[in-house]
Amino acid sequence: MLEIINLNLYETAGLAVVVLFLGMILKQKVSFLDKYCIPSPVVGGLLVAFINYVIYQFGFVFTTDRTLEKLCLVLFFTSVGVQIDFSLIKRSFSTFALLLVGIIVLIFAQNILSLSLSSIFDLDKLMAFTASSISMAGGTGISEQFGGFLEDMNLADGTNLSLSMCTLGVLVSALVGGPFGRFLILKYKLKPNSDKLFAENIEDSNVTNSTFPANLAKASFQIAFIIGIGAVCCEFLFQAGISVPYYIGAMLVAIILRNLSIKTGRYHFYTGELNYIGVLSLSFYLAMNFMGLAVWQFGLINILQLGIFMAQFILMLLFAFFMVYILTGRDYDAAVLSASSIGFGIGGPSSSVATLMVLTGKYGPSFKSYLLFPIVGFMLADPINCIIISYFMRMF
């Protein structure tokens, strides 16, 4: 009998701090982790996740509270929105269109690949479909939803089989994304764009003589206000039949308010302190996400799924290089976009954001990546994926 230990919000936060320190210590001790851009929260989180797996073998497992994790993701993308101007949005439109088309092509390709391999080797199509875009581009939410549909079609344990593939994808993409991006950046000698958006200039620094703690407090009030407005906007849109995640709504509100402040000069944003809050929130989000990874689900994976996953992984690398890096400009932003696309292609938001964090932290900012991935990779990809999966499932 499995005994589940439910950690509350405070216990989850405390364990997340342990995870972050473990990750930092391990990166200091093991040089290749830092050299090949493996994020500290991922290192510490996976260590705790595997410890949880060992405990699972003795009939115990702990689960974490997800409330703070969701809040941290909203805080992070809100802080990103404050650093984006409208000119970047205009310049990013062609890249946005390419990524959107690329997502559609990738999802179709993942489903065709899984079904083709099942036909070639005369394997169970429903089983093969658990390694399609359901678990690859779909992430946890779609794996749970369509895994249940596969069970209705007489695939035993379809949900857990789909989730096991999703978990494997998160693990692999989190460990591969950073080294892949590092390879592109170093091989092609790429540098961040010289135009640093909303950099704190002399005028900004003279707006206030307050100390950092005072500015940090004001920045906290600003970000709370923005998140509140974003939540209200998301609720209005939901009533109109449009589902927008809170972190997208907050980020878009932050972009609008920050650009209005620049245009009118009527109020001041504490961008340095807001960025500080964002980085801290991202670290907490990743630590909580990866330490809660259900590693014990790997025991459900069979040879068929593993073989298809290897094919999906090769497909994803080809997509990341040719469809993303080559077509979106072959510059620094394209390299960061390419490496991060591995996350949303075979993993989920957490591994994609982890790659963004470690690459931009080491080599420099890529605001285009922070702008486009939440919208294309997270918000638009899921409904597109659901439509395409439903189309393929009609063939069974």
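Residues numbered from 1 in each chain as written. Predicted model: local features only at pLDDT ≥ 70, side-chain atom pairs only at ≥ 80, totals over all residues. Heavy atoms only, no water.

## A closer look at the environment of Ile256
No. 1: Within the secondary structure, Ile256 sits in helix H12 (residues 246-264).
No. 2: Sequence separation between Ile256 and Phe86 is 170 residues, and the spatial gap between their C-alpha atoms is 8.4 Å. (Helix = DSSP H or I, 4+ residues; strand = E, 2+ residues; numbered from the N terminus.)

## Some thoughts on the nonpolar core
Taken as a class, soluble globular proteins show a tendency for nonpolar side chains to be buried jointly.
No. 1: Grouped together as the largest cluster of nonpolar side chains are 119 residues, with contacts concentrated most on Phe77, Phe129, Phe290 and Leu371.
No. 2: The biggest single contributor to this core is helix H17 (residues 367-393), with 14 residues. (Core = buried A, V, L, I, M, F, W, Y, C linked by side-chain atoms within 4.5 Å. Buried < 20%, exposed > 50% of the residue type's maximum accessible area, 1.4 Å probe, protein only.)

## Digging into the confidence of the model for the protein
No. 1: In this model, the protein carries an average pLDDT of 91, and 96% of its residues clear a pLDDT of 70 or more.
No. 2: Long-range and interchain partners of residues 196-209, a stretch whose pLDDT sits below 50, account for 23 contacts in this model, where long-range means more than four residues apart. (pLDDT = per-residue confidence, 0-100. Contact = heavy atoms within 4.5 Å.)

## Description of the packing of helix H9 (residues 158-187) against helix H16 (residues 349-363)
No. 1: Relative to each other, H9 and H16 sit at 30°, their axes nearing to 9 Å. The angle between H9 and H16 falls in the class roughly parallel. In this structure, the crossing between H9 and H16 has a hand that is right-handed. Together, Val170, Ser173, Ala174, Gly177, Gly178, Gly181, Arg182, Ile185 and Leu186 of H9 and Ser350, Ser351, Thr355, Val358, Leu359 and Tyr363 of H16 make up the contact between the two elements. (Axes fitted to C-alpha atoms, helices over the stretch in contact; angles between N-to-C directions. Parallel < 35°, antiparallel > 145°, perpendicular 65-115°, else oblique. Left-handed = near helix turned anticlockwise from the far one by under 90°.)

## Description of the packing of aromatic side chains
No. 1: Per the stated rule, a full pass over the model turns up 16 aromatic pairs.
No. 2: Note on Phe76 and Phe77: the rings are 5.0 Å apart at their centroids and 65° apart in plane angle, and the pair reads as edge-to-face.
No. 3: Look at Phe76 and you get buried, because its relative accessible area is 5%.
No. 4: Classification of Phe77 by relative accessible area gives buried; the value is 1%.
No. 5: Across from the ring centre of Tyr188, 5.7 Å away, lies the NZ or CZ of Lys187, which sits over that ring. (Phe/Tyr/Trp six-rings, centres within 6.5 Å; stacked < 30°, edge-to-face > 60°. Lys NZ or Arg CZ within 6 Å of the ring centre and 35° of its normal.)

## Structural notes on the side chain of Ser143
No. 1: Here Ser143 lies in helix H8 (residues 139-152).
No. 2: Apart from the residues within four sequence positions on either side, Ser143 is in contact with Ile134, Ser135, Thr159, Ser162, Leu163 and Cys166.

## A closer look at the state of the cysteines
Cysteine pairs can be linked by a disulfide, which is a covalent bond between their two sulfur atoms.
No. 1: Overall, the coordinates contain zero disulfides when judged by the stated rule.
No. 2: The thiol sulfur of Cys166 is not disulfide-bonded, and the nearest other cysteine sulfur, from Cys386, lies at 13 Å.
No. 3: Taking relative accessible area as the criterion, Cys166 reaches 2% and is therefore assigned buried.
No. 4: Looking at Cys233, it has no disulfide partner, and the nearest cysteine sulfur is the one in Cys234, 7.0 Å off. (Disulfide = S-S within 2.5 Å.)

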